[in-house]
Amino acid sequence: MKKQLLSLAALMTVLSLSAQETYENAKLVGDDLNGTARYVGMGGAMEALGADISTISSNPAGLGLYRHSMVNASGSLNMQSGAPSFAKGDKTTVSFDQIGFVYSLQTRPSSYINFAFNYHKSKNFNYILAAANSLNNASQNKLTYQKARNGVFTSDKDITFSQVDALYMGTDLYDRDENVLYNDVATSYQMNREHEGYVADYDFSINGNINNRVFLGLAFSVKDVNYKHYGTYTEQINGNPLTLTDDRRIDGSGFDLKAGVIVRPIENSPFRIGAYVHTPTWYDLTTENYSKLTGSSGPISESYDYKMTTPWKFGFALGHTIGNNLAFGATYEYADYSSTKTRIKGLYGDSYEDTQVDREMNNHTESTLKGVSTIKVGAEYKPLPELAIRAGYNYVSPKYESDGFKAVDISSPGVYYSSATDYTNWKATNRLTFGVGYQIDKFNIDLSYQCSMQKGDFTPFTEWVETKPNEMGVVDHSQDNIAGATSVKNNRHQVMLTLGYHF
């Protein structure tokens, strides 16, 4: 075992590089289905139908179909099914989700120019994650043991030494006199974590139409990130519980641009085709954490800044109406999340130009995340002119490779500042939505229900398969550190109310 281990633990307080890790970054990319109750009730499939303020965040050309000014606001009740009670985590929360307006100005008999602003929560992080399973000849501390045993901690790769490694080096499992970390194994583990916060979008848009045939839109979006989690991970080692507590938050801001078009190709038909593109979101973020381990010599607290760039997003949509009673919409979106990039701050300065690409972590992201396709379909039926009934469905393909794992042996600040070893490879998301709306003169009230269902594979730490031969030239696989995956769920329900007024 390397004699640098003790000195490496001290480096935790002096290294100034800052970047983030793939699974932490992935929490911030991608959007929930959220907006007005009408938009949610139709499954968000309105990127060609338009005339709903929520399209400002997907296809801003949809606002070009407005012929009058309007204002509305939305709130929701969010519930997580099957979640255990943990700490202060709430399984049911109230959320203020959206408020916005459109100001419509007629420029010609059949042409308008519209200005709009909308606030909405593009992601809601509130949920509780729990997992438990047995461990067979494996443990979290054995990962640190194997990293040391297999030469991961070397003088030219100091930043492979994580916060978790440093905490285990401060326990009785580490013999300072002999400079040995014992590979005691655990019989079982229990993980509980509560996630809270949101990503809020502030969208500003200009849009309009040309002769009621071509609709154009451009939007500028500012994003506000507020994320935090608190969790405990406990293993039973030698009959005693050993608990790692991790308290982390991420705050910051970002911005992007969105452009879109809707065309009615046939003059006498309401059939519409929509297309749109989103630039990457350029994030400037700060993360801080406080972590401690039972029996360790002391907790670790870190705070640092980093930059992240999300991928481009592209969308294509179709929409059609039959008379004044029936409307159909369908949307396809694609974003390649494997192209998410992280930049290291602290080398030369704080500006974007003074940062450096974190190539090793970006390579890991490229092999762990993948392109995501989102399919949205929805319909609205009006049995009466003032009454609307809606339904929709979404399919969002998995963001993670099924064999993805958390990086532990690459030389990246994202590994160095890691304060947890677990990761979850979430699978596809399925959403079912229903809604109803009623209009009274210039007022409208809309109600929607959304059921979002997702499964995932939780792993408490990255597996380590022994490759180093012993003195007999034989690979001893009893040294393997494999926990295996445990199935988890993230099933959520949302009831949303929107109140609106047009003038």
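Here, every reference points to the structure presented above.
Description of the structure in this document.

About the cut-offs
- Residues numbered from 1 in each chain as written.
- Predicted model: local features only at pLDDT ≥ 70, side-chain atom pairs only at ≥ 80, totals over all residues.
- Heavy atoms only, no water.
- Pairing = 2+ DSSP bridges.
- Helix = DSSP H or I, 4+ residues; strand = E, 2+ residues; numbered from the N terminus.
- Buried < 20%, exposed > 50% of the residue type's maximum accessible area, 1.4 Å probe, protein only.
- Core = buried A, V, L, I, M, F, W, Y, C linked by side-chain atoms within 4.5 Å.
- Contact = heavy atoms within 4.5 Å.
- Phe/Tyr/Trp six-rings, centres within 6.5 Å; stacked < 30°, edge-to-face > 60°.
- Lys NZ or Arg CZ within 6 Å of the ring centre and 35° of its normal.
- Arc of directions from axis to C-beta.
- Salt bridge = Lys/Arg side-chain N within 4 Å of Asp/Glu carboxyl O.

## Here's the deal with the pairing of strand S8 (residues 214–237)
Relative to S8, strand S7 (residues 186–210) runs antiparallel, the two sharing 23 bridges. What sits directly across from Ile210, in S8, is Val214. Here S7 folds back onto S8 in antiparallel fashion, the turn holding 3 residues, of which Asn211 has a positive phi close to 55°. Inspection of the sheet shows S8 paired to strand S9 (residues 240–263) by 24 bridges, in the antiparallel sense. Bridged to Tyr230 within S9 is Asp247. The turn joining S8 and S9, which pair antiparallel and follow one another in sequence, is formed by 2 residues; a positive phi near 55° is taken by Asn238.

## Some details on the environment of Ala61
Mapping Ala61 onto the fold places it in the loop between helix H3 (37–41) and strand S1 (70–80). Exposure remark for Ala61: the relative accessible area of 0% places this residue in the buried category. Between the alpha carbons of Ala61 and Thr340 there is a distance of 27 Å; along the sequence they are 279 residues apart.

## Regarding the nonpolar core
Membership of the largest hydrophobic core comes to 58 residues, with the highest contact counts inside it found for Leu28 and Leu135. At 5 residues, the largest contribution of residues to this core is made by strand S4 (residues 127–138). Sequence-distant contacts of Leu135, defined by excluding residues within four places in its chain, comprise Ala186, Thr187, Ser188, Tyr189, Tyr233, Glu235, Phe461 and Ala483. By size, the runner-up hydrophobic cluster in this structure holds 9 residues, among which are Leu33, Ala37, Val40 and Ala327.

## Regarding the packing of aromatic side chains
In the structure shown here, the tally under the stated rule is 17 aromatic pairs. With a centroid separation of 6.5 Å and 10° between ring planes, the pair formed by Trp312 and Phe314 is classed as stacked. Between the NZ or CZ atom of Lys121 and the centre of the ring of Tyr198, over which it lies, the distance is 4.9 Å. Its guanidinium or amino end placed over the ring of Tyr337, Lys399 lies 5.7 Å from that ring's centre, counting from NZ or CZ.

## Structural notes on helix H6 (residues 359–368)
Given 3.6 residues to a turn, an α-helix orients residues that are three or four positions apart in the same direction. Among the residues making up H6, those that are buried are Met361, Asn362, His364, Thr365 and Thr368. Summarising the axial view, the buried residues of H6 lie within an arc of 155°, below the 170-degree limit, and thus occupy one face. On the buried face of H6, the contacting elements are helix H2 (22–26), strand S15 (341–344), strand S16 (356–357) and helix H7 (413–416).

## Structural notes on the pairing of strand S18 (residues 387–396)
Only one face of S18 is buried, namely the one carrying Ala388, Arg390, Gly392, Asn394 and Val396, since none of Leu387, Ile389, Ala391, Tyr393 and Tyr395 on the opposite face is buried. Alignment of strand S17 (residues 371–384) against S18, held across 9 bridges, turns out to be antiparallel. The residue of S18 that forms the bridge with Tyr381 is Ile389. The turn joining S17 and S18, which pair antiparallel and follow one another in sequence, is formed by 2 residues. Looking at chain direction, S18 and strand S19 (residues 423–440) are connected through 10 bridges and run antiparallel. Of the residues in S19, the one forming a bridge with Tyr395 is Asn430.

## Examining unusual backbone geometry
Leaving glycine out, the prevailing phi sign among residues is negative, and the prevailing peptide bond configuration is trans. A positive phi angle is found at Ala51, which is not glycine, with a value near 60°. Along the chain, Ala51 falls in the loop between H3 and S1. The partly exposed category is assigned to Ala51, whose relative accessible area is 29%.

## What to know about the pattern of salt bridges
On inspection of all chains with the given rule, the structure shows 18 salt bridges. Where Asp52 meets Arg38, a salt bridge forms, and the shortest distance between an N and an O atom there is 3.9 Å. One end of the pair, Asp52, is in the loop between H3 and S1; the other, Arg38, is in helix H3, and 14 residues separate them in sequence. Between Glu196 and Lys228 there is a salt bridge whose closest N-O contact spans 3.6 Å. Within this pair, whereas Glu196 is found in strand S7, its partner Lys228 is found in strand S8, the two being separated by 32 residues in sequence. According to the relative accessible area criterion, Glu196 is partly exposed, its value standing at 24%.

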